[in-house]
Amino acid sequence: MPMSIAEIYTLFLKYPRICTDSRHIVPDSLFFALKGPNFNGNSYASEALDKGAAYAIVDEAEFAAPPRCLLVPDALKCLQDLGTHHRRQSHATIIALTGSNGKTTTKELITRVLNRKYNTLSTEGNLNNHIGVPLTLLKLVEDTEMAVIEMGANHQGEIGFLSGLAEPDYGYITNFGKAHLEGFGGVEGVIKGKSELYDYLLANGKQVFFNADDPIQREKLEAYDKKIGFSTSDPAFYQIENLGADPYVKLQVQDVTIQTQLSGAYNFSNCAIAVLIGKHFNIFLPDI
């Protein structure tokens, strides 16, 4: 009989490390037998156990014979459900991040700022898809206070799905660029697809961070109250002055000048959102 998420979670609490690649097994981990276009993880379950995995989670009955192979209806969905279940046990504040460009840079900036005051987890590398997001959630530990979860997508519907997995408390969209136009069906499709993060947050009474100088974001959020924005000119929002990028981005916030080590004028908004989020969570400006 297939294992339930509650049963799998009990094992996860005892063996809180996850592996999805039999070539890189961590001792006393849970191996999830995922499938891809050219491989079937079920066929590597016994190998994973031989290499030290505590249990293997499989979804094909013929591979469930070894005593430590646990059968579930769908190994990928089990991993995703486990990630969400674990997230619900965590007291961490979750900030989701998506956009066409600048996600990873912005994630690093926000994480560095939050780490000045809080124990902060963030997405490693580019683990920002339907597998990477639950793997990140499963790294939440008891003393994690904040988590910055990066979300990537090539098609409409993906950001909404990932938001449902991570159940973020806050979110930010870096921009609506021309990345993956074909998958999204054009620029309007990109805007609609990336906006699924804001749609999720607003539908669930959560808050959004945004760039009030971005006309697309401004229009999208016009009717909503639960928004926290920065602007170089609009006094209705948190004021951050852009002092240019010659050669590195420089910002003025209140009476503090922030000289970054990032080149490229496009990095101003990435830095500004890190400042805004830091201020929102009561981090001392000089620490930012």
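Quick notes on the rules
Residues numbered from 1 in each chain as written. Predicted model: local features only at pLDDT ≥ 70, side-chain atom pairs only at ≥ 80, totals over all residues. Heavy atoms only, no water. Pairing = 2+ DSSP bridges. Helix = DSSP H or I, 4+ residues; strand = E, 2+ residues; numbered from the N terminus. 1 Å grid on protein atoms, 1.4 Å probe; cavity = no way out; pocket = protein on both sides within 12 Å on 5 of 7 lines; lining within 4 Å. Points joined across faces, edges and corners; volume = space filled by probe spheres on them. Nonpolar A, V, L, I, M, F, W, Y, C, P; charged D, E, K, R; others polar. Buried < 20%, exposed > 50% of the residue type's maximum accessible area, 1.4 Å probe, protein only. Axes fitted to C-alpha atoms, helices over the stretch in contact; angles between N-to-C directions. Parallel < 35°, antiparallel > 145°, perpendicular 65-115°, else oblique. Left-handed = near helix turned anticlockwise from the far one by under 90°. Contact = heavy atoms within 4.5 Å.

Description of the sheet that holds strand S11 (residues 207–211)
Here's step 1: Spatial strand order, S8-S9-S7-S10-S11-S12-S13: seven strands in an open sheet with parallel pairing. Whereas interior strands pair on both sides, the edge strands pair on one side only; in this sheet they are strand S8 (120–122) and strand S13 (238–239).
Here's step 2: Pairing of strand S7 (residues 93–98) with strand S10 (residues 170–173), which is carried by four bridges, proceeds in the parallel orientation. In the sheet register, Ala96 faces S10, and the bridge partner there is Gly171.

A short note on the layout of surface pockets
Here's step 1: In this structure, the largest pocket spans a volume of roughly 430 Å³.
Here's step 2: Leu109, Arg112, Val113, Thr260 and Ile288 are the residues nearest the centre of the largest pocket, which is lined by 17 residues in total.
Here's step 3: Looking at the lining of the largest pocket residue by residue, the classes come out as nine nonpolar, four polar and four charged.

A look at helix H9 (residues 196–203)
Here's step 1: Summarising burial for H9: six of the eight residues are buried, a large majority.
Here's step 2: What H9 keeps buried is the set Glu196, Leu197, Tyr198, Tyr200, Leu201 and Leu202.
Here's step 3: Once H9 ends, the next one or two residues include Gly205, with phi positive near 70 degrees.

Section: the packing of helix H6 (residues 158–166) against H9
Here's step 1: Across the interface, H6 lies against H9 with an axial gap of 8 Å and an inter-helix angle of 40 degrees. When the axis of H6 is compared with that of H9, the two are oblique. Here H6 and H9 pass one another in a crossing that is right-handed. Along its contact with H6, which presents Glu158, Ile159, Gly160, Ser163 and Gly164, the element H9 presents Glu196, Leu197 and Tyr200.
Here's step 2: Each residue belonging to the contact of H6 with H9 can be placed in one class, and the counts come to three nonpolar, three polar and two charged.

Overview of the side chain of Gln252
Here's step 1: One can find Gln252 in strand S15 (residues 248–253).
Here's step 2: Contacts of Gln252, omitting those with residues within four sequence positions, involve Gln239, Ile240, Glu241, Leu243 and Thr257.

Examining the sheet that holds strand S1 (residues 18–19)
Here's step 1: With parallel pairing, four strands are arranged side by side in an open sheet as S1-S2-S5-S6. The two strands at the open ends of the sheet, each matched to only one other strand, are S1 and strand S6 (69–71).
Here's step 2: Relative to S6, strand S5 (residues 55–58) runs parallel, the two being bridged by three bridges. What sits directly across from Ala56, in S6, is Cys69.
Here's step 3: Seen against the sheet, helix H1 (residues 5–14) touches S1, strand S2 (30–32), S5 and S6 and runs at an angle of roughly 130 degrees to S2.
Here's step 4: Sheet strands touched by helix H3 (residues 75–89): S1, S2 and S5. Its angle to S2, the strand with the most contacts, is close to 130 degrees.

None of this, on its own, says anything about what the molecule does.
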